[in-house]
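Residue-level structure breakdown
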Amino acid sequence: MSTPLLQIDQVRKQFGGVAALNGVSLTIAPGHVHGLIGPNGAGKTTFFNVMTGLYTADSGRFMLDGQTYAPTAVHKVAQAGIARTFQNIRLFNSMTVLENVMVGRHVRTRNGVWAALSRHRRAREEERETEAVARHLLDYVGIGQWADSRADALSYGHQRRLEIARALATEPRLLALDEPAAGMNATEKQQLRGLLEKIRDDGRTVLLIEHDVKLVMGVCDRISVLDYGTLIAEGSPQDVRRHPAVIKAYLGGAAHV
Amino acid sequence: MNLSTTLTLPRAKARLGALLFALAIVLAPWLLGHAGGNAWVRTLDFALLYLMLALGLNIVVGYAGLLDMGFIAFYAVGAYLTALLASPHLTSQFAVLAAWFPQGLHVSVWLIVPLAALLAAGFGLLLGAPTLRLRGDYLAIVTLGFGEIIRIFMRNLDRPLNITNGPKGIASVDPVSLFGVNLARTQDLFGLRVPSVYLYYYLFAALALVIVFVCVRLEHSRIGRAWVAVREDEQAASAMGLDTKRLKLLAFAMGAAFGGVSGAMFASFQGFVSPESFSLNESIVVLAMVVLGGMGHIPGVILGCLLLAALPELLRASLGPLQQSLFGQVLVDPEIIRQLIYGLALILAMLYRPAGLWPASRGSQ
């Protein structure tokens, strides 16, 4: 097997007396869609926040693309190459759809104050390229015709797509989606699935935290299952579906299947 | 349909608009001076000083969303820097300086403006650095305190070494002199008698235009977008890799620099600075200009400035005669009614136009 894209070892995170993460390890192969599931309160979101630098881990090792990274500040993690979306959509509401994606280009562009004032040739080129990439990404996720609307004027499903486009604009090595299907109706979920498959087929690596089991089983190459802050199972969707510990965690009681 | 006419028509219109705008700026003091005398042109000069301040504050509050209630501190920094570098005060207090500068300290305006911008930007960083984690109300309280600290420093820095001359203030600040033209005197230029307030008007208008240019360019740039992103959702912005701390510091420094320039101009124009010019009330007036006009929207900020700078003067001039003609005598002191109407106007604006009189319109709904 080639070097994993993301390798996280033995992450611990304690909130007071509660061990939210009790030595969780996760390895994601390049080009995979990796699912992270678990019942409510299992520690999925805590893990996600630790991985992206929002919380500081008590201990653990973090490797992205063969290099260690320290998730100490959110913006540094994004610069290192992990882009995320939020469970409750967080867009820049008063900006246009296009501008939202252009903000995503910020980490991969360089124009500073002097470039803004003088608009010299290179600055103009970079600005043009930023806009072109942003428009391309909007078309890619299928909301190109709303480029000039305000972000908060979009429908819920389209706002989710915009969030994904904005994350893709940072040229992430890993795209991390926190419950993207939350609050979506059946049609929107179907469309989201289509988009995720397209993103996977283009060779991107995705970490998907999701409640919707049908979506996870359908899209993911591998799945990790968390419960009470520990990893209880990992494997292909078929394996995980039949794993006794998983069934126990989800249905409760002893596993009689 | 003729394609070329449809393409050139809007451009011709824009060109005509720009021409009329330029004409209005050039003629404004003459029209106003003709109608109401030099006092009104002086009001206009102050409106432009306020405009520079408000445009600076607009970067901090409007773009980056950092509520700064002590912005007048940077105005004070610029003004006191000018007063110290271009008045007899320092040389009269310190014999060493008097020996070095036998003609007195008279630093040129060409040096004072960049120095004021730099020093104020430094103070902006000084305020910004410890407050990076604060938002909204908490930031407002700390910045309010900062503004007061600067004022109180100026008030008390006359002992043991007399640096600011305390509450008495510093007088005889050099007027601006450009290319040998002293702006404090009426000049005969191109066969026209141009009073001092007109000359200052043109200087301030030019500076304000430069600041407007800088603001517009910044607004439509990578930096401007990043500021708005930080304002809209700081957490999402940092998840996109934006270094929100650096961006906030940059906003504080840039805004403060404009405040410093405005303060330097104020000191030269007035010829006198004292701590009383930099009270909390002034900070609130500048903030009101930005909020009333439309936060983050330059035309709105300009409108807010002109309204709030002119309104008190208009009311002062009209309320007395109005009562005289209605009741045959002045029943209530015009000053009291003026404050009342001023406050009422702000309350009504916040009730019915919470986004400002001329808010930014980004994108279609």
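Residues numbered from 1 in each chain as written. Chains lettered and ligands numbered in written order. Predicted model: local features only at pLDDT ≥ 70, side-chain atom pairs only at ≥ 80, totals over all residues.

Here we take up the overall build of chain B. Looking only at helices and strands, one finds 14 helices and four strands in chain B. Its C-alpha atoms give chain B a radius of gyration of 22 Å, near enough to 21 Å, the size a compact globule of 365 residues would have. Dimensions of chain B along its principal axes, counting C-alpha atoms only, are 75 × 60 × 50 Å. Relative to its 365 residues, chain B shows a buried fraction of 43%. (Helix = DSSP H or I, 4+ residues; strand = E, 2+ residues; numbered from the N terminus. Rg over C-alpha atoms; globule rule 2.2 N^0.38 Å. Buried ≥ 20, exposed ≤ 12 C-beta atoms within 10 Å, placed from the backbone.)

A count of helices and strands for chain A gives 10 helices and 10 strands. Over its C-alpha atoms chain A spans a radius of gyration of 19 Å, differing by no more than 12% from the 18 Å that the globule rule assigns to 257 residues. The principal-axis extents of the C-alpha atoms in chain A amount to approximately 70 × 40 × 40 Å. The buried share among the 257 residues of chain A stands at 44%. Intrachain contacts of chain A at a sequence separation of at least 6 include 66% that bridge at least 24 residues. (Contact = placed C-beta atoms within 7 Å.)

Residues and elements named next belong to chain A. With five of five residues buried, strand β3 (residues 33-37) is to be regarded as a mostly interior element. For β3 and strand β9 (residues 222-227), the ladder comprises four bridges, and the chain directions are parallel. Residue pairing in the sheet places Gly35 in a bridge with Ile223 of β9. (Pairing = 2+ DSSP bridges.)

So, about the interface of chain A and chain B. Taken together, the contacts link 31 residues of chain A with 25 residues of chain B. Those elements giving two or more residues to the side of chain A that touches chain B turn out to be α2 (74-80), α3 (97-104) and α4 (113-118) of chain A. Residues that form the side of chain A that touches chain B fall into these classes: 12 nonpolar, 13 polar and six charged. (Nonpolar A, V, L, I, M, F, W, Y, C, P; charged D, E, K, R; others polar.)

Residue and element names in this part refer to chain A. In spatial order, the strands read β6-β7-β8-β3-β9-β10; together these six strands make up an open sheet with mixed pairing. Because the sheet does not close on itself, it has two edges, and the strands there are β6 (82-84) and β10 (230-235). Recorded for the sheet is a direction-independent mean angle of 20 degrees between the axes of neighbouring strands. Sheet topology note: the β6/strand β7 (residues 174-178) ladder contains three bridges and is parallel. Bridge pairing links Ala83 to Leu175 in β7. Across the sheet, helix α1 (residues 44-51) touches β3, β7, β8 (205-209) and β9, and the angle it forms with β7 is around 145 degrees. On the sheet, helix α7 (residues 186-201) packs against β3, β7 and β8 and is oriented at approximately 150 degrees with respect to β8. (Axes fitted to C-alpha atoms, helices over the stretch in contact; angles between N-to-C directions.)

Residue and element names in this part refer to chain A. Read across the sheet, four strands follow the order β2-β1-β4-β5 without closing on themselves; strand pairing throughout is antiparallel. Strands with a single pairing partner mark the edges of an open sheet, and in this sheet they are β2 (18-28) and β5 (67-68). Pairing between strand β1 (residues 6-15) and strand β4 (residues 59-64): five bridges, direction antiparallel. Bridge assignment links Arg12 to a residue of β4, and that residue is Ser59.

How big an interface is tends to be stated in terms of the accessible area lost upon association of its parts. Residue and element names in this part refer to chain A. Under the domain assignment, chain A is made up of domain 1 (1-81 + 172-257) and domain 2 (92-170). Secondary structure elements with two or more residues in the side of domain 1 that touches domain 2: α2 and α7. A per-element tally of the side of domain 1 that touches domain 2 places α7 first, with four residues. Residues belonging to the side of domain 1 that touches domain 2 are distributed by class as follows: seven nonpolar, three polar and one charged. (Domains from an automatic or database assignment.)

Looking at chain B as a whole, the pLDDT averages 89, with 96% of positions reaching at least 70. In the predicted complex, the global pTM is 0.91; the interface-specific ipTM is 0.92. (pLDDT = per-residue confidence, 0-100.)

So, about helix α7 (residues 136-156) of chain B. All names here are of chain B. With 21 residues, α7 should cover 30 Å at 1.5 Å per step; its first-to-last C-alpha distance of 30 Å lies within 8% of that length. All of the buried residues along α7 are Leu139, Thr143, Phe146, Gly147, Ile150, Arg151 and Met154. Viewed end-on, α7 has its buried residues packed into an arc of 125 degrees, placing them on one side of the element. Opposite the buried face of α7, at more than 90 degrees from it, the exposed residues are Asp137, Tyr138 and Ile152. The secondary structure elements touched by the buried residues of α7 are α3 (72-85), α6 (109-128) and α12 (280-293). (Expected span 1.5 Å × (residues − 1). Arc of directions from axis to C-beta.)

Moving on: the nonpolar core. Met52(B), Ala54(B) and Ala251(B) are the most contacted members of the largest nonpolar core, which has 177 residues in total. Ranked by residue count, the leading element in this core is helix α2 (residues 38-63) of chain B, at 17 residues. Looking at this core, you find at least three residues from each of domain 1 (1-81 + 172-257) and domain 2 (92-170) of chain A. Setting aside residues up to four positions removed in sequence, Ala251(B) forms contacts with Ile59(B), Val60(B), Tyr63(B), Ala64(B), Leu66(B) and Trp227(B). (Core = buried A, V, L, I, M, F, W, Y, C linked by C-beta atoms within 7 Å.)

Further remarks concern the packing of helix α13 (residues 298-327) of chain B against helix α14 (residues 334-352) of chain B. In a pair of packed helices, the angle between the axes and the distance between the axes together describe the arrangement. All names here are of chain B. The N-to-C vectors of α13 and α14 enclose an angle of 135 degrees; their axes lie 9 Å apart at closest approach. Taken together, the axis directions place α13 and α14 in an arrangement best described as oblique. In the packing of α13 onto α14, the handedness of the crossing is right-handed. The segment α13 lies against α14, with Leu311, Pro312, Leu315, Arg316, Leu319 and Gly320 engaging Pro334, Ile337, Arg338, Ile341 and Tyr342. (Parallel < 35°, antiparallel > 145°, perpendicular 65-115°, else oblique. Left-handed = near helix turned anticlockwise from the far one by under 90°.)

Here Arg159(B) and Pro160(B) are connected by a cis peptide whose omega angle stands at -10 degrees. Residue placement: Pro160(B) occurs in the loop between α7 and β1 (177-178). In this structure, Asp65(A) takes a positive phi of about 55 degrees despite not being glycine. When you line up the elements, Asp65(A) lands in the loop between β4 and β5.

Further remarks concern the environment of Arg15(B). All names here are of chain B. Following the sequence through the fold, Arg15 ends up in helix α1 (residues 3-36). Among the residues examined, Arg15 registers 11 C-beta atoms within 10 Å and is labelled exposed. Along the backbone, Arg15 and Ala47 are 32 residues apart, and their C-alpha atoms lie at a distance of 27 Å.

So, on to the packing of α3(A) against helix α9 (residues 222-232) of chain B. At a minimum axis separation of 10 Å, α3(A) and α9(B) run at an interaxial angle of 100 degrees. By the criterion of interaxial angle, the relationship of α3(A) to α9(B) is roughly perpendicular. Contacts from Glu99(A), Met102(A) and Val103(A) in α3(A) reach Arg225(B), Ala226(B) and Ala229(B) in α9(B). Residues belonging to the contact of α3(A) with α9(B) are distributed by class as follows: four nonpolar, no polar and two charged.

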